[in-house]
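Structure at a glance
One letter stands for each residue in the lines below.
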Amino acid sequence: MKIRKTLESVKPYVAGRTRPGAVKLSSNENPLGPSPKALTAISSELNHLHRYPDGVSGILRETIASHHNLTADYVIAGNGSDEIFAMIAGTYLEEGFEVITAKETFSEYNFSGLLYGGHIKKVPLQEGKYDLKSILDQVTEKTSLIFVCNPNNPTGTYLKEKELKEFLDALPSHVLTILDEAYGEFATAEDFPSGQELIKSNKRLIVTHTFSKLYGLAGLRIGYALADPTLIEQIFRTKQAFNVNILAQQAGTAALGDQNFISRTLDLCKKGKTFLYGELKRLGYDYYPSQANFICIRVKRDSRAVFDHFLDEGMAIRPLASFGLDEWIRYTIGTEDQNREFIRIMSELEKA
Ligand SMILES: Cc1ncc(COP(=O)(O)O)c(C=O)c1O
């Protein structure tokens, strides 16, 4: 059987490799586990599993909307933000048209573009950061979508409000930008842009979020997009009838109100970052200051060998060779004990 031509260059997603029993700090998941309020909400929903879920995720979208000071018509929910990216590409990308993103960034943008026959242009980062000027230079009449990850996975670097606004203003009117704020909740920089504010005055911008990181619900698959209602209505046309399952809808709704868990998660991340920065400096390793829940570290040797060494020591981290960053690893900030163990293994790398 012949597959569609566009799929010839699509390779299956390769998740971070791990080993049974290893501590997994390779996928930027929440080291505290799932939101407790989400767990309670799920258990009270188990008796309803014979029912179909609400196809438009009404209550979840209302809750997300009020969380962002918007109304529900600004929100669409998906089976993870990965599904949202594919829905956006399915809505706007004509075959042969262009998708622009960074070279060293989250791979699902590339996947969604290829799925719908897009021509993907990848612009290298500049000192770990999205190079907005070079991205602008790549825009042509055939450019449909630009994916921007802020803060960027895997570097943790961020685009400032002013530079992002200037970039958006400079884009021609036929280009739609997707601003992925999967890690935006962890950002503390004062000049970190607020996607939810930007969409109010920009009808060519879609902002995406996930419940997989801060809320600890990666296994349930819940993501969402915020955009002007005209865009949301267009994206809705590609939505599968029941795309967000019943447990996910309940869990997401509850997790948004789990203030105690949210505060504990952010606090752990902040303290861990301070500890790790200090220790990495002491050991002489360069890293990118991060606005996310992970740190991108230069290990000065093949990251795959470092990954194997970590795995032998019982910890899975992410080697960044697949992102084109051969000598870099990404470490998800863990609990205090996990961070100490990470530093212990790092400090013995020289001898390995
Ligand atoms: C930048 C970025 N966006 C989106 C996602 C995926 O989110 P979801 O689990 O909601 O599909 C990830 C997951 O690692 C990510 O790193």
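Throughout what follows, the structure given in this document is the object of discussion. Computed from a predicted model, the values in this text were never measured in an experiment. (Residues numbered from 1 in each chain as written. Predicted model: local features only at pLDDT ≥ 70, side-chain atom pairs only at ≥ 80, totals over all residues.)

A separate point is the overall build of the protein. Check the secondary structure of the protein and you find twelve helices and 13 strands. Whereas a compact globule of 352 residues would reach a radius of gyration of roughly 20 Å, the protein reaches 20 Å, a difference of no more than 12%. With the C-alpha coordinates of the protein rotated into their principal frame, the extents come out at 55 × 50 × 50 Å. Among the 352 residues that make up the protein, the fraction classed as buried is 45%. Within the protein, residue pairs in contact and separated by at least 24 positions form 75% of the contacts whose partners lie at least 6 positions apart. (Helix = DSSP H or I, 4+ residues; strand = E, 2+ residues; numbered from the N terminus. Rg over C-alpha atoms; globule rule 2.2 N^0.38 Å. Buried ≥ 20, exposed ≤ 12 C-beta atoms within 10 Å, placed from the backbone. Contact = placed C-beta atoms within 7 Å.)

Around the ligand, a shell composed of 13 residues is seen, among which Gly80, Ala182, Thr210, Ser212 and Gly223 lie nearest. Its residues assigned to classes, the shell around the ligand shows four nonpolar, seven polar and two charged. (Near = placed C-beta within 6 Å. Nonpolar A, V, L, I, M, F, W, Y, C, P; charged D, E, K, R; others polar.)

Negative phi is the rule for most residues except glycine; trans is the rule for most peptide bonds. Residue Pro151 is bonded to the preceding Asn150 through a cis peptide linkage, with omega at -5°. With respect to the helices and strands, Pro151 occurs in the loop between strand 5 (143–149) and helix 6 (161–170). The step from Asn153 to Pro154 runs through a cis peptide bond, and the omega angle for that step is 20°. Counting through the fold element by element, Pro154 comes out in the loop between strand 5 and helix 6. In the Ramachandran plot, Glu127 falls in the positive-phi region, its phi being about 50° despite a non-glycine side chain. In this fold, Glu127 is placed in the loop between strand 4 (119–123) and helix 5 (132–138).

Burial of strand 8 (residues 223–226) is two-sided: the residues Gly223 and Ala225 facing one way and the residues Tyr224 and Leu226 facing the other way are all buried. With four bridges connecting them, strand 2 (residues 75–78) and strand 8 associate as antiparallel partners. Pairing of Ile76 across the sheet is with Ala225, part of strand 8. Note: strand 7 (residues 205–210) against strand 8, four bridges, orientation antiparallel. Within strand 8, the residue paired with Val207 across the bridge is Leu226. (Pairing = 2+ DSSP bridges.)

What follows covers the packing of helix 2 (residues 58–67) against helix 9 (residues 246–256). Interhelical geometry of helix 2 versus helix 9 gives an angle of 25° and a closest axis separation of 9 Å. Classified by the angle between their axes, helix 2 and helix 9 sit roughly parallel to one another. Helix 2 and helix 9 meet at a crossing whose hand is left-handed. Here Ile59, Leu60, Thr63, Ile64 and His67 of helix 2 lie close against helix 9, whose contacting residues are Gln249, Gly252, Thr253 and Leu256. Among the residues forming the contact of helix 2 with helix 9, the class breakdown is four nonpolar, five polar and no charged. (Axes fitted to C-alpha atoms, helices over the stretch in contact; angles between N-to-C directions. Parallel < 35°, antiparallel > 145°, perpendicular 65-115°, else oblique. Left-handed = near helix turned anticlockwise from the far one by under 90°.)

If you walk across this open sheet you meet the four strands as 9-10-13-12, and the pairing is antiparallel. Of all strands in the sheet, those bounded by a partner on one side alone are strand 9 (287–288) and strand 12 (318–319). Note that strand 12 and strand 13 (residues 328–332) share two bridges and pair antiparallel. When the bridges of strand 13 are listed, Pro319 appears paired with Ile329.

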